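Each chain, letter by letter, is given below.
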Amino acid sequence: MEKFFNLKARNTTVSREVAGGITTFLAMSYILAVNPGFLAPAGLSWGAVFTATALSSAIATLVMAFVANLPVALAPGLGLNAFFTYTVVLGMKCSPAFALTAVLLEGALFLVLSLLGIREAIIKSIPVNLRKAVAVGIGLFITLIGLNNAGIITGDAGTPLAFVNLNMSHASAIVALLGLVITIALYILKVPGAVLLGIILTTILGIPFGVTTIPENFKPIQPPEAPTFFHFEFASVLTLKFFVVFFTFLFTDLFDTIGTLLGVAEQANLKDKDGNVINAKGALMADAVGTVVGACLGTSTVTSFVESSSGVAAGARTGLASVVTALLFLVALFLSPLFALIPSAATAPALIFVGFLMVSSVAGIDFKDMSEGFPAFITIMAMPFAYSISKGISFGIISFVLCKIFARKTRDIPLVTWILAAIFLFDIVFEAVK
C-alpha cells in the first residue's frame, strides 16, 4: 500500500487518507439524493438513477485512485443534470435516451482526447496566475454552495443576497453556523480528522433542532434497484439539435473538470516542478471513463467533484482516499436511508471551511501586473456569481488574452490559450443567438 500510493513521499498516512476519503464522501453524498431528484422529472426511475449514481461514482473514483493516484472523487455533476432534465428533455422535448446518447458520445470523445494528451495540454495552457485564481474562485464557489445548502443566505430580503435572521424558523442555518464553530475549534486544536468530526458532531447536534430527522420504522439496509442499462437513441446523432446538446455537455464537463483538478492540486500541492497537476492524464481518463459508464447505467455526466477539497483539508493526498470514497459509494447502495440522515447543515460547515483554505491561494497572484491580475480577478469573481466553474475559466481566459493584447504582451499567450479564447468567444456568441 505504501509503495503503490506513495504515502511517505506525499507526507501522509493511512489514517489520514481514510479520514480524508470519508470526509469527501460525506461532503458529496448529497448527490445520491439530489441526482435522482433531478433526473426523475425526465422520466427516469428515482431508484434506478440512485443505483446508477452510486455505481458510476464508485467506478470512476476507483479509476482515479489506481490510474492517477489523486484524492479526487467523481460523481454525476450538478448543473449538468439540471441541463439534462430541464433543458434537453423538458425544454427541447427530447427523450431521456437522446440525452444519454449525447452524454455517452461526449464521454467517448473525452476518452480519446485524454489518451492523446489533448485535455492535458489544455490544462497546461492555462497561465500560472489563472491557475491560482481558479483555486480561489472555487473556494468562494463552494463557500456559496455551503451557505446556500444550509439556508444561511437568502435572496428574499430585498437584496440579491442576504444572511437570514438566526431564529428557529431558520434552524438549519443555526446548526450549520454552530457546526462551523465546532469545525474551526477542532482544526485549530489540531484534532485529527477535524472536518470529518465536524460533520458527525453537527449531524448529532441537528437532532434536537429538528434538522437531522430519523423517520419512523427506520430501516438502514435497503436493496438497490437495478439501473437502466444502455438506454440510447443513436438515430438522432446527426441532427443539429443533437450537436447543440452534445456541444454543451462537452464544454461544461471539460472545464468543470479542469477547474476542479487545478483547485484541488493547488490546495494539496499536488503539482510538479513546472506547476502542472501531477498525473493529469490519468485524472482526465477517470473523468471520461466515469461519463461513459454513467451513460451506460442511465445517469448524466460524471465529473470530478469540487467537494474533494474537503477531503484534502482532512489530510488526503493520494488515491488511497479515493479508494475509501469509492467503497463508501458501494456501501451506500445498501445503506442509502442511513446516509440520507446527514443534513445539508452538517456538510455546509465543511464546504465553508474548505472555501477559506482554498482562498489562501490569492496571496500568490501577481495583482501588480494588470495584464495578469485583472484576468485573475475576473476568474475569481465569475465562478461564484455565475455559479459555474467553467464560466469562470472561460471569462478568465478571454480577459487574459484581451489584457495581454492591450499591454502589447502577446508573446505571453500560448497557442492553445489563443485557441481556447476563440472557442469561448464562439460559445458566448452561439448562446446569445440560439
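Everything that follows concerns the structure shown earlier in this document.
Since we're looking at a predicted model, the values are computed, not measured. (Residues numbered from 1 in each chain as written. Predicted model: local features only at pLDDT ≥ 70, side-chain atom pairs only at ≥ 80, totals over all residues. Heavy atoms only, no water.)

A. Spatial organisation of helix α10 (residues 194-209). In this model, α10 (16 residues) spans 22 Å end to end at C-alpha, consistent with the 22 Å of a helix rising 1.5 Å per residue. Where α10 is concerned, the buried positions are A194, V195, L196, G198, I199, T202, T203 and G206. The secondary structure elements touched by the buried residues of α10 are α2 (14-28), α9 (171-188), α13 (308-313) and α16 (344-359). Of the residues one or two after α10, G210 is the one with positive phi, at around 80°. (Helix = DSSP H or I, 4+ residues; strand = E, 2+ residues; numbered from the N terminus. Expected span 1.5 Å × (residues − 1). Buried < 20%, exposed > 50% of the residue type's maximum accessible area, 1.4 Å probe, protein only. Contact = heavy atoms within 4.5 Å.)

B. Quick peek at the pattern of salt bridges. In the structure shown here, the tally under the stated rule is 4 salt bridges. In this structure, the salt-bridge partner of K404 is E372, at a minimum N-O distance of 2.9 Å. With K404 in helix α18 (residues 389-406) and E372 in helix α17 (residues 370-386), the pair connects residues that are 32 residues apart, well separated along the chain. Comparing K404 with E372, the two get one shared label, buried. Here the salt bridges share partners, and the residues they tie into one network are E372, K404 and D412. (Salt bridge = Lys/Arg side-chain N within 4 Å of Asp/Glu carboxyl O.)

C. Region of the structure containing empty space enclosed by the protein. In total, this model carries 3 cavities of 30 Å³ or more according to the counting rule given. Space inside the largest cavity adds up to approximately 40 Å³. Listing elements by their share of the lining of the largest cavity, those giving two or more residues are α2 and α14 (319-332). (1 Å grid on protein atoms, 1.4 Å probe; cavity = no way out; pocket = protein on both sides within 12 Å on 5 of 7 lines; lining within 4 Å. Points joined across faces, edges and corners; volume = space filled by probe spheres on them.)

D. A look at the layout of surface pockets. Looking at the largest pocket, its volume works out to about 920 Å³. Lining the largest pocket are 37 residues, with T252, D256, Y387, S388 and S390 sitting closest to its centre. Put simply, the parts of the chain that give the lining of the largest pocket at least two residues each are α3 (31-39), α5 (80-89), α8 (128-149), α11 (240-268), β4 (302-304), α18 and α19 (415-433). In this structure, the second largest pocket occupies an estimated 480 Å³ of space. What lines the second largest pocket is a set of 20 residues, among which R16, V312, A313, A314 and G315 lie closest to the centre. Looking at the lining of the second largest pocket element by element, the count peaks at 3 residues for α2. Classifying every residue of the lining of the second largest pocket by side-chain character gives 10 nonpolar, 6 polar and 4 charged. (Nonpolar A, V, L, I, M, F, W, Y, C, P; charged D, E, K, R; others polar.)

E. A look at the environment of T101. Looking at the element boundaries, T101 is found in helix α6 (residues 96-115). A relative accessible area of 0% means that T101 is categorised as buried. On a C-alpha basis, the gap between T101 and F242 in space is 9.1 Å, while along the polypeptide they are 141 residues apart. Excluding its chain neighbours within four sequence positions, the residues that come into contact with T101 are F232, E233, F234, V237 and F242.

F. Representation of the packing of aromatic side chains within the structure. This model, assessed by the stated rule, comprises 16 aromatic pairs. Each ring, one from F4 and one from F66, has its centre 5.7 Å from the other, and the planes form 65°; the classification is edge-to-face. A residue pair is termed long-range when its members are at least 10 positions apart, and F4 in helix α1 (residues 2-5) and F66 in helix α4 (residues 46-68) qualify at 62 residues. Relative accessible area serves as the criterion here: at 47%, F66 is assigned to the partly exposed category. On the numbers, 6.1 Å between centres and 40° between planes, the contact of F5 with F66 is tilted. Here F5 is found in helix α1, whereas its partner F66 is found in helix α4, with 61 residues between them in sequence. By way of ring pairs, the aromatic residues F229, F230, F232 and F234 are connected into one cluster. (Phe/Tyr/Trp six-rings, centres within 6.5 Å; stacked < 30°, edge-to-face > 60°.)

G. Fine view of the packing of α9 against α16. At a closest axis distance of 8 Å, the pairing of α9 and α16 adopts a crossing angle of 50°. Relative to α16, the element α9 lies oblique. Handedness of the crossing formed by α9 with α16: right-handed. Residues S172, V175, A176, G179, L180, T183, I184 and Y187 of α9 lie in contact with α16, whose contacting residues are A345, A348, P349, I352, F353 and L357. Residues that form the contact of α9 with α16 fall into these classes: 11 nonpolar, 3 polar and no charged. (Axes fitted to C-alpha atoms, helices over the stretch in contact; angles between N-to-C directions. Parallel < 35°, antiparallel > 145°, perpendicular 65-115°, else oblique. Left-handed = near helix turned anticlockwise from the far one by under 90°.)

H. Region of interest: the state of the cysteines. Inspection of every chain in the model, using the stated rule, returns 0 disulfides. The thiol sulfur of C94 is not disulfide-bonded, and the nearest other cysteine sulfur, from C296, lies at 20 Å. (Disulfide = S-S within 2.5 Å.)

I. Seen up close, the nonpolar core. Counting residues in hydrophobic clusters, the biggest one holds 118 residues, and the most contacted among them are L70, F84, F255, I258 and I393. With residues near it in sequence (within four places) discarded, F255 still touches I122, I389, S390, I393, L420 and F424. (Core = buried A, V, L, I, M, F, W, Y, C linked by side-chain atoms within 4.5 Å.)

J. Highlighting a nonpolar patch on the surface. A contiguous nonpolar patch, built from L197, I200, L201, I204, I207 and I214 and spanning about 510 Å² of accessible area, is present on the exposed surface. For I200, the location among the structural elements is in helix α10. (Patch = residues over 30% accessible without salt bridge, like charges linked within 9 Å, V, L, I, M, F, W, Y side chains within 5 Å. Areas by Shrake-Rupley, 256 points an atom, 1.4 Å probe, with all protein chains shown as cover.)

K. Looking closely at the side chain of S29. Positionally, S29 belongs in the loop between α2 and α3. Only 3.1 Å separates the side chain of S29 from the backbone oxygen of L26, close enough to count as a polar contact. (Polar contact = N/O pair within 3.5 Å; in protein donor to acceptor, adjacent residues only side chain to side chain.)

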